[in-house]
Amino acid sequence: PPPCSPPARLGNTCAMHKSQHGLTLIELMIALAIAAILAFLAVPSFTSMIRSNAISGSVNTFLSDMRYARSEAIRLGGGVVVCRSDDPESATPACGTGHGPGNKGWVSGWIIFHDLDNDGAWDSGERVLRVQAAMSSPDQIVEDGASSSTVFRFTATGRLLSSASATTMRFGSAANGTARRTVCVNAGGRARADTSGSAVCE
């Protein structure tokens, strides 16, 4: 039926009232409270995802550089070095020792160079093949055990010059939980990632 009856005589008007819809103040407050709770619950998961992605990115960068160094050593007939550096972007970069500033290990960055005199250190005139600048994440990249493998020297066959350089590297401290990653570097010069932070390299 029509919303109102026709006018009975001239001059009469028929007003049409439209119903209005909206949220009451109480409904709005409830909706905001629910949104705040959901956001509070989502923040830890979002933070964990960002941390995990950052660690995975650093692992992939390291693996890529190790593969590159190995292939360059085969191509150049050996003498390619990957080493941790306290100042990799310096005009005169040097290989660092130990776990470096803040005991954070390879987070300080690294260099790859062609070691012409095979002394394991960069010297003037030796070509720097790649540079990895210091990383803001993860919080550390260190080796298991008391000793640290800060230099990987590749021979013409792609193997490590010293089998003692084979190591287990942890990307991220134990505080990172399941986001932590392990990289195994074997004596054959191959580096591989393991998705378990508690993995033991063989």
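Below: a short report on this structure. (Residues numbered from 1 in each chain as written. Predicted model: local features only at pLDDT ≥ 70, side-chain atom pairs only at ≥ 80, totals over all residues. Heavy atoms only, no water.)

Inspection of every chain in the model, using the stated rule, returns one disulfide. Each sulfur of the disulfide joining cysteine 83 and cysteine 95 lies 2.0 Å from the other. Judged by the sign of its S-S torsion, about -80°, the bond between cysteine 83 and cysteine 95 is left-handed. Remark: cysteine 95 occurs in the loop between β1 (80-84) and β2 (110-114) and cysteine 83 occurs in strand β1; sequence separation between them is 12 residues. On the accessibility criterion, cysteine 83 (0% relative accessible area) is buried. For cysteine 95, a relative accessible area of 22% translates into the label partly exposed. (Disulfide = S-S within 2.5 Å. Helix = DSSP H or I, 4+ residues; strand = E, 2+ residues; numbered from the N terminus. Buried < 20%, exposed > 50% of the residue type's maximum accessible area, 1.4 Å probe, protein only.)

Once that is clear, we can look at the pattern of salt bridges. Counting across every chain of the model gives four salt bridges. As a salt-bridge pair, glutamate 72 and arginine 75 come within 2.8 Å of each other at their nearest N and O atoms. In this pair, glutamate 72 and arginine 75 are both assigned in helix α1 (residues 25-76), three residues apart and thus about one turn of the helix distant. With a relative accessible area of 10%, glutamate 72 lands in the buried category. (Salt bridge = Lys/Arg side-chain N within 4 Å of Asp/Glu carboxyl O.)

Here we take up the pairing of strand β7 (residues 181-185). The buried count for β7 comes to five of five residues, which makes it a mostly enclosed element. On β7, burial covers both faces: Arg181, Val183 and Val185 on one face and Thr182 and Cys184 on the other are all buried. Where strand β6 (residues 167-171) lies against β7, five bridges are found, and the strand directions are antiparallel. Bridging from a neighbouring strand, phenylalanine 171 pairs with arginine 181 of β7. As paired elements, β7 and strand β8 (residues 191-194) share four bridges and run antiparallel to each other. In the strand pairing of β8, valine 185 is matched with alanine 191. Linking two consecutive strands that pair antiparallel, namely β7 and β8, is a turn of five residues; a positive phi of about 90° is found at glycine 189 within it. (Pairing = 2+ DSSP bridges.)

This part takes up the sheet that holds β8. The sheet built from four strands is open, its strands ordered β4-β6-β7-β8 with antiparallel pairing. At either end of the open sheet lies a strand with only one pairing partner, and these are β4 (141-143) and β8. Each strand axis lies, on average, 25° off the axis of its neighbour in the sheet, ignoring direction. (Axes fitted to C-alpha atoms, helices over the stretch in contact; angles between N-to-C directions.)

Let's shift gears to unusual backbone geometry. Peptide bonds are, in most cases, trans, and in most cases residues other than glycine have a negative phi. In this structure, proline 138 follows serine 137 across a cis peptide bond, with omega equal to 5°. Of note, asparagine 103 is a non-glycine position whose phi angle comes to about 60°, a positive value. Mapped onto the elements, asparagine 103 comes out in the loop between β1 and β2. Phi at asparagine 118 takes a positive value of approximately 55°, unusual for a residue other than glycine.

Right, let's talk about the packing of aromatic side chains for a bit. Taken as a whole, this structure holds six aromatic pairs when the rule is applied. For the ring pair phenylalanine 62 and tryptophan 110, a centre distance of 5.5 Å and an interplane angle of 90° mean the geometry is edge-to-face. Here tryptophan 110 lies in strand β2 and phenylalanine 62 lies in helix α1, a separation of 48 residues in the sequence. As far as burial versus exposure is concerned, phenylalanine 62 and tryptophan 110 are alike and both buried. Through a chain of ring-to-ring contacts, the aromatic side chains of Phe62, Trp106, Trp110, Phe152 and Phe171 assemble into a single cluster. Directly above the ring of tyrosine 68 sits arginine 130, whose terminal nitrogen or CZ lies 3.9 Å from the centroid. (Phe/Tyr/Trp six-rings, centres within 6.5 Å; stacked < 30°, edge-to-face > 60°. Lys NZ or Arg CZ within 6 Å of the ring centre and 35° of its normal.)

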